[in-house]
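Survey of secondary and tertiary structure
The primary structure of each chain is shown beneath.
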Amino acid sequence: EPGDPAAIFFTSGSTGPAKGVTHTRESLRWMIASAVAGFELTAADTFRPGSSMSHIGSFLWALSALSVGARVVVARSYDAHELLPLLREHRPTVLAMIPAALTALVRDHDLAPADLASLRVCRSGSDKVSAELLAEFAAKAGFPIDEGYGMTEVGIATLNPPSGPIKQGSIGPPIGGFAVALRDEVGGQVGEGEVGRVWIRTRSRMRGYWEAPDATAAILHDGWLDSGDLARADGDGYLWFFGRKKQVIVHDGSNISPYEVEGALLEHPAVALAGVVGVHDTVHGESVRAYVTLRDGAAPPPAADLIVFARERIGYKAPEEIVYLDEMPLNPTGKIDRTGLKRMAEEHLQPHGG
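Being a predicted model, the structure only gives us computed values, none of them experimental. (Residues numbered from 1 in each chain as written. Predicted model: local features only at pLDDT ≥ 70, side-chain atom pairs only at ≥ 80, totals over all residues. Heavy atoms only, no water.)

Time to look at the overall build of the protein. Check the secondary structure of the protein and you find 9 helices and 19 strands. Its C-alpha atoms give the protein a radius of gyration of 20 Å, within 12% of the compact-globule value 20 Å for 354 residues. Structurally, the protein occupies a C-alpha span of about 55 × 50 × 40 Å along its principal axes. Here the protein holds 354 residues, and the buried ones make up 54% of them. The long-range share in the protein, meaning contacts at least 24 apart out of those at least 6 apart in sequence, stands at 61%. Accessible surface, the protein: about 15,400 Å² in total, of which carbon and sulfur atoms supply 53%. Taken as two groups, the 33 positive and 44 negative side-chain charges of the protein have centres that lie 5 Å from each other. (Helix = DSSP H or I, 4+ residues; strand = E, 2+ residues; numbered from the N terminus. Rg over C-alpha atoms; globule rule 2.2 N^0.38 Å. Buried < 20%, exposed > 50% of the residue type's maximum accessible area, 1.4 Å probe, protein only. Contact = heavy atoms within 4.5 Å. Areas by Shrake-Rupley, 256 points an atom, 1.4 Å probe, with all protein chains shown as cover. Lys, Arg positive; Asp, Glu negative; His and termini not counted. Charge placed at Lys NZ, Arg CZ, Asp CG, Glu CD.)

This is the structure in structure tokens:
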């Protein structure tokens, strides 16, 4: 039946243990239809998903493309040495990658602007796209990254329309089949430009978490899904992601988005990746700690200099501590494992200097 379970996908575990998200035949159909409309897919497209097919993202990109008669190019891995030959041979028109993998591709010394010439849209999401990546990609490709927002529980919910306008830094407006409301902590609607909690209503919503009725009841309310994420909206209805509620750092009563701090650090020429978490502080509530990996061949700048560099860009939100890592921990979907970094911070582990 349309409402019977058809597939279980696991969340990335970015705010806690991974949960089994149960989708039905009906929710999958609506999810695919919305993605087709959001990407403006046609039979003339060739889609190159850039992550594991076992997760909702590339599973959805592939079936959405196939549903309109488009081609799908499947890679064995998502390293530049695998992706570059596919870009050159198959000339995809649509590319979708998470920021960490897209950053590595853009910075590969073998990548030439011609390798991206066939693309009409490059979608990046599932994690915050830094200003540095936005600039580097646009310089190489000649057009901007198209950011969007989605969840395993609903599929892709927002996207800058590929035919425009694309607002750099925005995750775009809701796509067809989705209603999004921004609410305060008591359920009231927030005003334009104010940060609120993202609530979603759609027919592509999951049936529930597998064998977890309490977790399901905590997120589904009167036909709406409480995402637990924070965003603001502008006058055109475009959304701007602020962070996950559980990851926002509360410092001296101010809410600090880890993504904003990471973006400032990534502007430094020596920094490859940055992951920012809050650390319990008896005076300030939470202090800001940044875990950083360096670009190949770069010498680690003094931590104090990097803190000043961030402070010049974001003021009081800058980190109080810098910890250098040889390798940034990533979760199975390729996102920065902030849960692991938080655990590392709570255990007062500072490997490889700091």
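Structure's up, so let's keep going.
Right, let's get into the pairing of strand β19 (residues 321–324). Where a strand is regular, its side chains alternate between the two sheet faces. Relative to β19, strand β18 (residues 285–294) runs parallel, the two being bridged by 4 bridges. When the sheet's bridge partners are listed, Tyr 291 is paired in β19 with Val 323. For the crossover that starts at β18, traverses helix α8 (residues 303–314) and ends in the parallel β19, the hand is right-handed. (Pairing = 2+ DSSP bridges. Right-handed = clockwise from strand over helix to strand, strands pointing away.)

Right, let's get into the sheet that holds strand β1 (residues 5–10). Judged by pairing direction, the sheet is antiparallel, and its 3 strands sit side by side in the order β1-β2-β11 without closing on themselves. Each having just a single partner strand, β1 and β11 (208–209) make up the two edges of the open sheet. Running over the sheet, helix α1 (residues 25–39) touches β1 and β2 (20–24) and is turned about 85 degrees from β2. (Axes fitted to C-alpha atoms, helices over the stretch in contact; angles between N-to-C directions.)

With respect to the helices and strands, Ser 227 occurs in strand β13 (residues 224–233). At a separation of 2.7 Å, a polar atom in the side chain of Ser 227 contacts the main-chain carbonyl oxygen of Val 198. Apart from residues lying up to four places away in sequence, Ser 227 is in contact with Tyr 149, Met 151 and Val 198. (Polar contact = N/O pair within 3.5 Å; in protein donor to acceptor, adjacent residues only side chain to side chain.)

Attention shifts here to α8. For α8, spanning 12 residues, the distance from its first C-alpha to its last is 16 Å, which sits close to the expected 16 Å at 1.5 Å a residue. Along α8, the positions that sit buried rather than exposed are Leu 306, Ile 307, Phe 309, Ala 310 and Ile 314. What you see down the axis of α8 is that its buried residues fit within an arc of 155 degrees, all on one side. In this fold, the buried residues of α8 make contact with α7 (258–266), β17 (271–281), β18 and β19. (Expected span 1.5 Å × (residues − 1). Arc of directions from axis to C-beta.)

Taken together, the side chains of Ile 8, Phe 10 and Trp 210 present a nonpolar region at the surface, about 310 Å² in accessible area. For Ile 8, the position within the fold is in strand β1. Residue classification places Ile 8 among the partly exposed residues on the basis of a relative accessible area of 38%. (Patch = residues over 30% accessible without salt bridge, like charges linked within 9 Å, V, L, I, M, F, W, Y side chains within 5 Å. Salt bridge = Lys/Arg side-chain N within 4 Å of Asp/Glu carboxyl O.)

Once that is clear, we can look at unusual backbone geometry. A cis amide bond links Gly 164 with the next residue in sequence, Pro 165, at an omega value of -5 degrees. Position of Pro 165 among the secondary structure elements: in the loop between β8 (155–159) and β9 (178–183). You will see that Glu 40, though not glycine, has its phi angle at about 60 degrees, which is positive. The class for Glu 40 is partly exposed, based on a relative accessible area of 31%. Here the phi dihedral of Glu 211 falls at roughly 55 degrees; this positive angle occurs in a residue that is not glycine. With relative accessibility at 71%, the residue Glu 211 sits in the exposed group.

In the structure shown here, the tally under the stated rule is 7 aromatic pairs. With centroids separated by 6.0 Å and ring planes inclined at 35 degrees, the aromatic side chains of Tyr 149 and Phe 241 adopt a geometry described as tilted. Of the two residues, Tyr 149 sits in strand β7 (residues 146–151) while Phe 241 sits in strand β14 (residues 239–244), which places them 92 residues apart along the sequence. Among the residues examined, Tyr 149 registers a relative accessible area of 9% and is labelled buried. Ring-pair connections join several aromatic residues into one group, and the members of that group are Phe 39, Phe 47 and Trp 61. When the ring centre of Trp 199 is taken as origin, the NZ or CZ atom of Arg 183, which lies over that ring, is 4.4 Å away. The ring of Trp 224 has Arg 183 lying over it, and the distance from NZ or CZ to the ring centre is 4.8 Å. (Phe/Tyr/Trp six-rings, centres within 6.5 Å; stacked < 30°, edge-to-face > 60°. Lys NZ or Arg CZ within 6 Å of the ring centre and 35° of its normal.)

Moving on, we come to the nonpolar core. One finds Phe 39, Phe 47, Tyr 149, Ile 156 and Ile 200 to be the most contacted residues of the largest nonpolar core, which totals 42 residues. With 6 residues, α1 is the largest single contributor of residues to this core. Formed by 25 residues, the second largest nonpolar core is a distinct cluster that contains Leu 111, Leu 119, Cys 122 and Leu 134. (Core = buried A, V, L, I, M, F, W, Y, C linked by side-chain atoms within 4.5 Å.)

Further remarks concern the sheet that holds strand β4 (residues 71–72). Strand order in the open sheet made by the 6 strands is β4-β3-β5-β6-β7-β8, with mixed pairing throughout. A single partner strand is all that each edge strand has here, and the edge strands are β4 and β8. In the packing of α1 onto the sheet, the strands contacted are β3 (46–49), β5 (94–97), β6 (121–124) and β8, and the crossing angle to β8 comes to about 25 degrees. Against the sheet, helix α4 (residues 99–106) touches β5 and β6, its axis set at about 120 degrees to β5.

Now for the packing of α7 against α8. Running from amino to carboxyl end, α7 crosses α8 at an angle of 115 degrees, the nearest separation of the two axes being 9 Å. Two packed elements cross with a definite hand, and for α7 against α8 that hand is right-handed. Across the interface between the two elements, Glu 260, Val 261, Ala 264 and Leu 265 of α7 pack against Leu 306, Phe 309, Ala 310, Arg 313 and Ile 314 of α8. Tallied by class, the residues present in the contact of α7 with α8 amount to 7 nonpolar, no polar and 2 charged. (Left-handed = near helix turned anticlockwise from the far one by under 90°. Nonpolar A, V, L, I, M, F, W, Y, C, P; charged D, E, K, R; others polar.)

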